[in-house]
Amino acid sequence: MDSTRKKRVTLHDIAQLSGVSKTTVSMILNGHGGAYRIHPETCRRVKQIAQAQGYRANAYARALKAQRSNVIGLVIPDLTNYGFALTAKTLEKLCRENGLQLVIACSDDNPVQEKMAIDRLLDRQIDLLITAPTHQDPKYYRSIVKHTMLLHLDRYVPNLDICHIISNDSGKIAELIAKLIAQSKPSEFYYLGGQLALSPSESRLAGFQQGLAQAGLTAQPEWILHQDYQPESGYQMLSNIVAKLGRLPQAVFTASYTLLEGVLRYLSEQKQMDKLLTGELLLATFDDHQLLNALPFPIHSIKQDHEQIAHRTFEQIRQKLRHHTAENVKVECEIIWR
């Protein structure tokens, strides 16, 4: 047992130390001392004692009484994911500047972990939940909206009437792939993706296949590989391709920057980075990072507008909190040519 742990200070404790009633203490600490004509010196003494004792109001009791906690919950797949981190940073600032607190949790792209994170946030009496869904089963999310407002970020669940904010990615991916094929004339183009059951995986693969078709390159089943969006999966998928071909592929598109990280680590460990310099390996990715501008070889990318995603998400939060209807949002992407 931790003997250093201190007992939480209560209104009753402040009342005893102040020599006034618990009701009087509550009125003063809730800013109603003047309205109830409590003597200014009493108000000053109570506030001074409360501050000295480290008194903190019970946020849960306050939320229950007010029917509003001003807390927004956000569950993202990976706290180290550059795109999600940028969105969360801007969204937190917008919430803070508007009197809301954003509490962030991580699902590790695991449905069990997502549910645990959501349960903990719901225990905090949040006003609204934002999550990047880790699965496509609508039943769980329908159970949440019965009691808590819900938005989906970056992903959506088909046949589920829940507002979502996603990137309009397919068209830009198709444009990128078609132009790269026209310029470099590869006879093969590999796609490394995450969980195919997720909506972004479906739309990014659709854009890739559309780009192949526009360029007149017939897609082969063995060109399409899926695991998850972790760097290790990018490493493993490229390793498997090389083991099968006996060489590096001519062109690779990774469906996320995290998968690109794994690909680059493989190339570095296998002393194959020079293939990017000579153009023997054509490499492109969905998601962008400023570090790509510093590399001595070109990696073309699809840049999501995370600033706009955060602002549009905050707009939906405000609409929901006002009990207005919020609309689904698609935010445009940009091709970064290098």
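Residues numbered from 1 in each chain as written. Predicted model: local features only at pLDDT ≥ 70, side-chain atom pairs only at ≥ 80, totals over all residues. Heavy atoms only, no water.

### Comments concerning the overall build of the protein chain
So, point 1. Helix and strand content of the protein chain: 13 helices and 11 strands.
So, point 2. Projected onto the principal axes, the alpha-carbon positions of the protein chain cover approximately 85 × 45 × 35 Å.
So, point 3. In the protein chain, the proportion of contacts linking residues at least 24 apart, taken out of those at least 6 apart, comes to 65%.
So, point 4. Taken as a whole, the protein chain presents about 17800 Å² of accessible surface, with 49% of it coming from carbon and sulfur. (Helix = DSSP H or I, 4+ residues; strand = E, 2+ residues; numbered from the N terminus. Contact = heavy atoms within 4.5 Å. Areas by Shrake-Rupley, 256 points an atom, 1.4 Å probe, with all protein chains shown as cover.)

### Things to note about unusual backbone geometry
So, point 1. A positive phi angle is found at Asp154, which is not glycine, with a value near 75 degrees.
So, point 2. Tracing the backbone through its elements, the reader meets Asp154 in the loop between strand 4 (149-153) and strand 5 (164-168).
So, point 3. Here Asp154 falls in the buried class, since its relative accessible area comes to 16%. (Buried < 20%, exposed > 50% of the residue type's maximum accessible area, 1.4 Å probe, protein only.)

### Things to note about the domain arrangement of the protein chain
So, point 1. For the protein chain, the assigned domains are domain 1 (11-57), domain 2 (68-162 + 306-330) and domain 3 (168-304).
So, point 2. A separation of 29 Å is found between the C-alpha centroids of domain 2 and domain 3.
So, point 3. Listed per partner, the contact involves 14 residues of domain 2 and 15 residues of domain 3.
So, point 4. Between domain 2 and domain 3, a total of about 1200 Å² is buried, with carbon and sulfur atoms accounting for 49% of that surface.
So, point 5. At the junction of domain 2 with domain 3, the criterion picks out zero salt bridges.
So, point 6. Taken together, the links from domain 2 to domain 3 amount to three residue pairs in polar contact (both at pLDDT 80 or more). (Domains from an automatic or database assignment. Buried area = accessible area lost by both parts, 1.4 Å probe. Salt bridge = Lys/Arg side-chain N within 4 Å of Asp/Glu carboxyl O. Polar contact = N/O pair within 3.5 Å; in protein donor to acceptor, adjacent residues only side chain to side chain.)

### Topic: the pattern of salt bridges
So, point 1. Enumeration over the complete set of coordinates arrives at 15 salt bridges.
So, point 2. Among the salt bridges present, the one from Asp288 reaches Arg338, with a minimum N-O distance of 2.7 Å. Of this pair, Asp288 sits in the loop between strand 9 (282-286) and strand 10 (300-304) while Arg338 is found in the segment after strand 11 (329-336), placing the two residues 50 residues apart along the sequence.
So, point 3. Classification of Asp288 as buried rests on a relative accessible area of 16%.
So, point 4. Here the residues in one salt-bridge network are Asp109, Asp154 and Arg155, joined through shared partners.

### Here we look at the nonpolar core
The tendency in soluble globular proteins is for nonpolar side chains to be buried as a group.
So, point 1. Counting 46 residues, the largest nonpolar core has Ile177, Phe189, Phe208, Leu212, Phe253, Leu267 and Leu283 as its most contacted members.
So, point 2. Of all the elements, helix 11 (residues 257-269) adds the most residues to this core, at seven residues.
So, point 3. Discounting residues that sit within four places of it in the chain, Phe208 has contacts with Ile173, Ile177, Phe189, Tyr190, Tyr191, Ile224 and Phe253.
So, point 4. Among the nonpolar cores identified, the runner-up in size contains 25 residues, and Ile72, Leu100, Ala310 and Val331 belong to it. (Core = buried A, V, L, I, M, F, W, Y, C linked by side-chain atoms within 4.5 Å.)

### Thoughts on the packing of aromatic side chains
So, point 1. Evaluated as defined, the whole model comprises seven aromatic pairs.
So, point 2. Look at Tyr191 and Phe253: their rings are 6.0 Å apart centre to centre, the planes differ by 25 degrees, and that puts the pair in the stacked class. Taken as a pair, Tyr191 in strand 6 (residues 190-193) and Phe253 in strand 8 (residues 251-254) lie far apart in primary sequence, 62 residues in all.
So, point 3. Given a relative accessible area of 0%, Tyr191 falls into the buried group.
So, point 4. A relative accessible area of 0% places Phe253 in the buried class.
So, point 5. Through pairs of rings, three or more aromatic residues link up here, namely Phe189, Tyr191, Phe208 and Phe253. (Phe/Tyr/Trp six-rings, centres within 6.5 Å; stacked < 30°, edge-to-face > 60°.)

### Regarding the packing of helix 1 (residues 11-18) against helix 3 (residues 40-52)
So, point 1. Relative to each other, helix 1 and helix 3 sit at 125 degrees, their axes nearing to 10 Å. When the axes of helix 1 and helix 3 are compared, the pair comes out oblique. The crossing of helix 1 and helix 3 is right-handed. Where helix 1 abuts helix 3, its residues Ile14, Leu17 and Ser18 lie against Arg45, Val46, Ile49 and Ala50.
So, point 2. A per-class count over the contact of helix 1 with helix 3 returns five nonpolar, one polar and one charged. (Axes fitted to C-alpha atoms, helices over the stretch in contact; angles between N-to-C directions. Parallel < 35°, antiparallel > 145°, perpendicular 65-115°, else oblique. Left-handed = near helix turned anticlockwise from the far one by under 90°. Nonpolar A, V, L, I, M, F, W, Y, C, P; charged D, E, K, R; others polar.)

### Topic: the side chain of Ser18
So, point 1. Along the polypeptide, Ser18 turns up in helix 1.
So, point 2. On the basis of relative accessibility, which here comes to 7%, the residue Ser18 falls in the buried class.
So, point 3. If we skip the residues at most four places from it in the chain, Ser18 touches Arg45, Val46 and Ile49.

### Overview of the state of the cysteines
So, point 1. Here the structure, examined in full by the defined rule, presents zero disulfides.
So, point 2. You can see Cys95 has no disulfide; the closest cysteine sulfur is in Cys163, sitting 17 Å from it.
So, point 3. Since its relative accessible area comes to 0%, Cys95 is described here as buried.
So, point 4. Free cysteine Cys333: the closest other cysteine sulfur is in Cys163, separated by 20 Å. (Disulfide = S-S within 2.5 Å.)

### A short note on the environment of Phe208
So, point 1. With respect to the secondary-structure elements, Phe208 resides in helix 9 (residues 199-215).
So, point 2. A residue is classified by how much of its surface remains accessible, and Phe208, at 0% relative accessible area, is buried.

### Quick word on the sheet that holds strand 9
The pairing of strands in a sheet happens through backbone hydrogen bonds and is either parallel or antiparallel.
So, point 1. If you walk across this open sheet you meet the 11 strands as 2-1-3-4-5-11-10-9-8-6-7, and the pairing is mixed. What marks the edges here is a single partner per strand, and that holds for strand 2 (101-106) and strand 7 (224-226). Averaged over neighbouring strand pairs, the angle between their axes works out to 20 degrees when direction is ignored.
So, point 2. Relative to strand 11, strand 5 runs parallel, the two sharing four bridges. (Pairing = 2+ DSSP bridges.)

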